[in-house]
Protein chains: 4
Amino acid sequence: MKDYFPDISTITYEGNNSKNPYSFKYYKADKKIGSKTMHEHLKFALAYWHTLTGKGVDPFGADTMIRPWDNLADPMDKARARVDASFELMQKLGIRYFCLHDRDIAPEAATLKETNRNLDILVELIGKQMKATGIKLLWGTANMFLNSRYLHGAATSCNADVFAYAGAQVKKAMEITKELGGANYVFWGGREGYETLLNTDMDFELDNQARLLRMAIDYAKEIGFTGQFLIEPKPKEPTKHQYDFDVASVMVFLRKYGLDKDFKINIESNHATLAGHTFQHELCLARINNMLGSIDANQGDPLLGWDTDQYPTDVYNATLAMYEVLKNGGLHSGGINFDAKPRRASFEPSDLFLCFIAGMDTYAKGLEAAYKLLNNGELEDFIRERYSSYSSGIGKDIVEGKAGLKELEEYALQHDRIINNSGRQELLETIVNRYIL
Amino acid sequence: MKDYFPDISTITYEGNNSKNPYSFKYYKADKKIGSKTMHEHLKFALAYWHTLTGKGVDPFGADTMIRPWDNLADPMDKARARVDASFELMQKLGIRYFCLHDRDIAPEAATLKETNRNLDILVELIGKQMKATGIKLLWGTANMFLNSRYLHGAATSCNADVFAYAGAQVKKAMEITKELGGANYVFWGGREGYETLLNTDMDFELDNQARLLRMAIDYAKEIGFTGQFLIEPKPKEPTKHQYDFDVASVMVFLRKYGLDKDFKINIESNHATLAGHTFQHELCLARINNMLGSIDANQGDPLLGWDTDQYPTDVYNATLAMYEVLKNGGLHSGGINFDAKPRRASFEPSDLFLCFIAGMDTYAKGLEAAYKLLNNGELEDFIRERYSSYSSGIGKDIVEGKAGLKELEEYALQHDRIINNSGRQELLETIVNRYIL
Amino acid sequence: MKDYFPDISTITYEGNNSKNPYSFKYYKADKKIGSKTMHEHLKFALAYWHTLTGKGVDPFGADTMIRPWDNLADPMDKARARVDASFELMQKLGIRYFCLHDRDIAPEAATLKETNRNLDILVELIGKQMKATGIKLLWGTANMFLNSRYLHGAATSCNADVFAYAGAQVKKAMEITKELGGANYVFWGGREGYETLLNTDMDFELDNQARLLRMAIDYAKEIGFTGQFLIEPKPKEPTKHQYDFDVASVMVFLRKYGLDKDFKINIESNHATLAGHTFQHELCLARINNMLGSIDANQGDPLLGWDTDQYPTDVYNATLAMYEVLKNGGLHSGGINFDAKPRRASFEPSDLFLCFIAGMDTYAKGLEAAYKLLNNGELEDFIRERYSSYSSGIGKDIVEGKAGLKELEEYALQHDRIINNSGRQELLETIVNRYIL
Amino acid sequence: MKDYFPDISTITYEGNNSKNPYSFKYYKADKKIGSKTMHEHLKFALAYWHTLTGKGVDPFGADTMIRPWDNLADPMDKARARVDASFELMQKLGIRYFCLHDRDIAPEAATLKETNRNLDILVELIGKQMKATGIKLLWGTANMFLNSRYLHGAATSCNADVFAYAGAQVKKAMEITKELGGANYVFWGGREGYETLLNTDMDFELDNQARLLRMAIDYAKEIGFTGQFLIEPKPKEPTKHQYDFDVASVMVFLRKYGLDKDFKINIESNHATLAGHTFQHELCLARINNMLGSIDANQGDPLLGWDTDQYPTDVYNATLAMYEVLKNGGLHSGGINFDAKPRRASFEPSDLFLCFIAGMDTYAKGLEAAYKLLNNGELEDFIRERYSSYSSGIGKDIVEGKAGLKELEEYALQHDRIINNSGRQELLETIVNRYIL
């Protein structure tokens, strides 16, 4: 097997004082944080697309990424080389999971039949590497947005042939996910939305989106795929308006069509902020509805209006995310997938390592801070005290359904001089700082 | 009764060529648009708060509005004068509905008991004017955001005494809405949200929000209030994050707590855009879920990040809104409430008339354009044709549930060279222009 | 010469009642608006890049555009075919100007020398077509953003070899602009900015940006190129922060380096809104500083945070833009370039016609409305009256420099009860509606 | 003198391990950072308005702040009490500077003459406290936005009487700033902008804005005020568009009117982000133009579109800000003014202390991190190396003006295979993390 990163050896933990860029400053895989090790808490995954096939294009610029495997001319040779490169990367970084779309691993051919044959070849190869290394598939999915056939949508296309093609692609992608022991299967509806309402039947399109998901559930049962289904929300980009706008939109869609028992949500940081929410908000909303499934870890630029998919380096964001994850009792079948790409100007192969180190250290530090914060209970105690008026008296009656509007009025007429306490936001922010800095 | 606008007489239709600012250019109340008159289609309502009590403050500026009734020193005298002024305004403008919060019409007093007594006095006065003029109450609501007691929320306050007070206020507001024959009762949760998740138990707060709504439903049954309950979404402002973020958030909340049969949604244009949606999107999403209840008509500034509540003058926005309303078969118990305020620098009493004329003409023109557009069917025909592949063959099988992933794959393997048709967005936009210009 | 759009004949004016999509509803080239014809006022230009080479990619999707000339395999054959197609388009649409980057018309070759040779071949071909048709070059420019060599900037690259290459490209692009009789030469600094300040010497980069412009001015003198130099601002995208953020940023840059006499500004609608300004604001700011040079006509989506470059269909925006153009006494050497692309789903060749028709009609209608609005003087009269206090008394003293703070204090102590008049924004908006609808 | 915060004693440094909320975790006033102490580097200032007169209103909510001095009925008594409270606060917090508007310290009376008399009384009182405590005035300014007379602007009002009144106010505010030994005088043009271009003569308004500034310069000379003049940019809010949009807008305005030698810029973090820039960008742009005068320290919420003026708690932002300040050689006559207000729900008097502690600790930590970062040179060395190609060869020729386009072309023809190096953004972000965490 060719060595694609010959100058870089296995990355190890050296601590915060090390100036060696090729070392972890905070991530120590086997360090115990509570009853679990860091790597058990974090379950980092490599995103096959950005890492292996991303080229560094932007809306005004051509490829920049230098990737040794891209020198190969034959698409299948290239695909095979990427497998080797990806496992080398994961092993050197100590990453134990990866995620993939069908089209990431094998090139589309002239016919669907051949395309599927390509897939089979690569799946076999990947399966061997997985066996050899112990690396696992966190989730699989089908790419139903890149090809021009999906320009009006996949399940929500106005063209029934496109729906059929999408169905065929989902079927195969589920099969290979099962084949590779994938723990989850994700739907991201990048083309499930509209460009303009002037030509769109939203009602019909949403029905169709539900139809495809139902078929997927049925087929999973048929083939015995027991992984968790996940939906990944994003409000816009590529389409002007995507149906899976945010966690709330996904939940109402699932409830409407009776699909909410079959799905959880895969939440991406940058998608949350594009929807006008903090990452923590989306994680929390999913958590309290028992819908938090997995995380796509990255960060956006708050001053840019598109999905920048940057490697996460903001420890505040990572700490608050891990706080929600810990309160969720972990991510269960999910993990932390770096759905991030090196900046277009970070185009050297070595940048791939620097990027993952950046992201892994950021989440490791976030985990440590979040764990201590939760364990010491400074926030939780404050919150418990803050809502304590609901533990007795009229508050208890409200919670237990013993009071109606008449009882409330009666009470309020006698208690209309209300005393509130400060919300202490600034103090709480400094407490978070104490755990991070 | 004092005449507050002695220089302005009843506003009449003079057509688009008139340069008289105090005339309608497009709104002709009794003009038939299809089977209904303009005023039946539009059911314009005056928002009591902005119109009668709004003062023109902004975050950096004091009152500017010159309102003759504000010269009165005694709060109750002022409140009575506002009633007269409001009915004079509505009669001169030909507006047949109005909307109010409890605190708009009567001042808060030292105790809740006295406050309620103030309310009763004003309700009686308003009732008389309604009887005399035939003007109706579109909806009533309780102001549970202005007073400092609500700084942590109303139903979602961490303080049970505040919940109780809110309940008492809702009870009374429902009673006066019933008393005045109000067709709807609205909940806008301006304080139902959070400033920071660091001190917030979102799960508990949402439960409490549902508790208050359930109590309201129960009490409505008890007193025989049969008006429609409405929730008005807004994503943020005043709080950092409001639970009723948008139509989707409201729907998922209602479904979760089993309240979706009891509520419809009151959609405001400026709130839609603050949430990252077009007004049409929110109307359409509510419509296809049979949740479109009423409209708060205004417009925001797309380059400003706060709720500017401007009088609507953009005919594109009004046309697309009326298109959805017409497809909804009208607004039923709802109407078009101008939740808008004169610009701070439009501070003269006469500006109130110019503002309403602007808004009413804009929606009248929008109604006319939308009606023709819908009736001529240029968009509808295009859409019907666009989705026609679902009327037969594999498309029909998908819709009828006769195809699963295996059937789709089988089909797709034989139909993998897909032909799509142009979405024609630019053409469709010029068609809309033809109906507006 | 091959006919690339055989099914579409010359587009003619048929008026607003025509349902023929392939006709103008408002644009009548020879109609007199004041002393000039519509086509003289508007000077529409075709943007070679979007129209001839745009493929319909987006950040998540591959090519969609069906372009007959793209079937040709050889890049130079394709380039030649595009020339024919472009002139066919312009002639059938009655467009008399076009704009180009060097790389739009001829493919980049293995060496700069060969690339320049390719350019010469195409320039000759284009020159012949121009002569044959009378169609003119509105402006030329160099594409210094697409190639990966520009990933750190062109004139502002940290790599001096890149600066040199950019200089060479500007030299050649100026030469071909001169050769083709181009009326203007544009600089758009899509890579002149930064991704992160952590690796950037902004001071040095701005100096270098000025150095390149000075070299261009010197070389223009040397070769006798007398066209107008233009800078086109854009705040971000592709880079995180571009130095030519908006009109103000461009002006301060030019003044700092003594370049303000040599440049005017090319203002794009979508770039204005991305910078947080209305299009009219940017046009007005440039106009009052005698810096308004030319227009890139398009529109963005106010809810999307990236450059959507849509064909303009919003008549409000076009009317206010033309209002500024008319107040500027026209655009002089500039024109109205449709820097717009068909939506990705408007991928058929016929959509190109429908798009230009949409844009041309929108600006024709905007011109008509703006001309009447300005000519009737309703806004201008209001404004004149509004500032009339500066024509006499203390106002006149202020304007003429006769009053200082002491005189103002003396006056104010005696005139501290100030009367203001309403700004009448809502009325003025309805007046604009009267001219548009 | 009454003690307004009897339960809180002088705040001292206790270090990061202390859980005492009323202690500094990072700010140790006399700790040496390089050659200066922390307090010399930071020169923290209290903003009189938010701290002493802010009431906690928001667009939908009434006063919340509990302020002991607000119980006093007489406005002048209240004003005197605020002086005592402010000095108590500053002394207990170890804050050595403050900033004020004229109207913060003394109430507006029935006439300008009386208002000025009120001011004189308070200035005398403040002067005595300053003498007694050694606390200094960082800057003074005039509030020309709150009163309704300024609804159309101050210097840019359409009403000459308003201009005169503004002039009188500036005169007096400069006098009291001089009287109190103020080091700077600030202009923030919150009303200098427009609501709609439909009623605005932007050209004339900008001329008038310059006229007022010139009068101020002249008057400063006349009375011997030698403090630094500062302009504070803000893009919008309260007006739709403010002329002093950002640093670039201010600079081009000053240059146009020949005022750039007389002014520097006071940059606020939250204003920077509202304008679409990072705080660091604005600081850097001002620094490289020798225009960085002073800082208004706070933070906004990246997901909210208005000025939230939060106390700074994000150490990233503070570190990058202090990095620019250190590269500027400090702020000279300027300082770090907390233009921040407690959240509306942080309404207790004690929150004022917790807020300042939060802000001071954040900037102290930022100073330490920035100092080490700059001193160790990790970023500076990277940047120096990155631009090294300009130190010799063609790069040197470019910088020294020895190369023109012809020389560049000649060079490029022979050097057209360009090698770039990675920009290493992710690595640089982890380096910053190493200094912060």
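Preceding block: the structure.
These lines cover the structure that appears in this document, whether it is placed above or below. (Residues numbered from 1 in each chain as written. Chains lettered and ligands numbered in written order. Predicted model: local features only at pLDDT ≥ 70, side-chain atom pairs only at ≥ 80, totals over all residues. Heavy atoms only, no water.)

Overview of the interface of chain A and chain C
You'll often see interface size given as the accessible area lost when the parts meet. If you look at the interface, chain A gives 28 residues, while chain C gives 28 residues. For the interface between chain A and chain C, the tally reads 4 salt bridges. Between Asp58(C) and Arg191(A) there is a salt bridge, and its shortest N-O distance comes to 2.9 Å. Counting the contacts that link chain A with chain C gives 10 residue pairs in polar contact (both at pLDDT 80 or more). A breakdown of the residues in the side of chain A that touches chain C according to their chemical character gives 13 nonpolar, 5 polar and 10 charged. (Contact = heavy atoms within 4.5 Å. Salt bridge = Lys/Arg side-chain N within 4 Å of Asp/Glu carboxyl O. Polar contact = N/O pair within 3.5 Å; in protein donor to acceptor, adjacent residues only side chain to side chain. Nonpolar A, V, L, I, M, F, W, Y, C, P; charged D, E, K, R; others polar.)

Examining the relation of the copies chain A and chain C
Its rotation angle being 180°, the transformation that places chain A on chain C also includes 0.0 Å of axial translation and leaves an RMSD of 0.0 Å. Classification of the inter-copy transformation places it as that of a two-fold axis. Across chain A, the smallest distance between a C-alpha and the rotation axis is recorded for Gly305(A), namely 1.9 Å. (Least-squares fit on C-alpha atoms with pLDDT ≥ 70 in both.)

Quick notes on the packing of aromatic side chains
Applying the stated rule across the entire model yields 106 aromatic pairs over all chains. Arranged with centres 5.0 Å apart and planes meeting at 70°, the rings of Tyr390(A) and Phe204(B) form a pair that is edge-to-face. With Tyr390(A) in the loop between helix 13 (378–386) and helix 14 (393–399) and Phe204(B) in helix 7 (residues 202–223), this pair bridges two chains. Both residues of the pair, Tyr390(A) and Phe204(B), count as buried. Plain terms: the ring middles of Tyr185(D) and Phe229(D) are 6.1 Å apart, the flat faces sit at 75° to each other, and that makes the pair edge-to-face. One end of the pair, Tyr185(D), is in strand 8 (residues 184–188); the other, Phe229(D), is in strand 10 (residues 228–232), and 44 residues separate them in sequence. Phe229(D) matches Tyr185(D) in its accessibility class, with the two residues each being buried. Members of the aromatic cluster, connected to one another through ring pairs, are Phe24(A), Tyr27(A), Phe44(A), Tyr311(A), Phe338(A), Phe356(A) and Tyr363(A). When the ring centre of Tyr165(B) is taken as reference, the NZ or CZ atom of Arg149(B) above it lies at 3.8 Å. (Phe/Tyr/Trp six-rings, centres within 6.5 Å; stacked < 30°, edge-to-face > 60°. Helix = DSSP H or I, 4+ residues; strand = E, 2+ residues; numbered from the N terminus. Buried < 20%, exposed > 50% of the residue type's maximum accessible area, 1.4 Å probe, protein only. Lys NZ or Arg CZ within 6 Å of the ring centre and 35° of its normal.)

Here we look at the packing of helix 12 (residues 349–376) of chain B against helix 13 (residues 378–386) of chain B
Residue and element names in this part refer to chain B. Closest axis-to-axis distance for the helix 12/helix 13 pair is 5 Å, and the angle between their directions is 40°. Considered as vectors, helix 12 and helix 13 are oriented oblique to each other. Residues Leu373, Leu374 and Asn376 of helix 12 form the contact with helix 13, whose own contacting residues are Glu378, Leu379, Glu380 and Asp381. A breakdown of the residues in the contact of helix 12 with helix 13 according to their chemical character gives 3 nonpolar, 1 polar and 3 charged. (Axes fitted to C-alpha atoms, helices over the stretch in contact; angles between N-to-C directions. Parallel < 35°, antiparallel > 145°, perpendicular 65-115°, else oblique.)

Points about the relation of the copies chain B and chain A
Its rotation angle being 180°, the transformation that places chain B on chain A also includes 0.0 Å of axial translation and leaves an RMSD of 0.0 Å. A symmetric contact is evident, with 100% of the interface residues of chain B recurring at the interface of chain A.

A look at the environment of Cys284(D)
Here Cys284(D) lies in helix 10 (residues 279–288). Sequence separation between Cys284(D) and Val247(D) is 37 residues, and the spatial gap between their C-alpha atoms is 9.9 Å. Apart from the residues within four sequence positions on either side, Cys284(D) is in contact with Met202(C) and Glu324(D).

Purely geometric stuff here, so don't read any function into it on its own.
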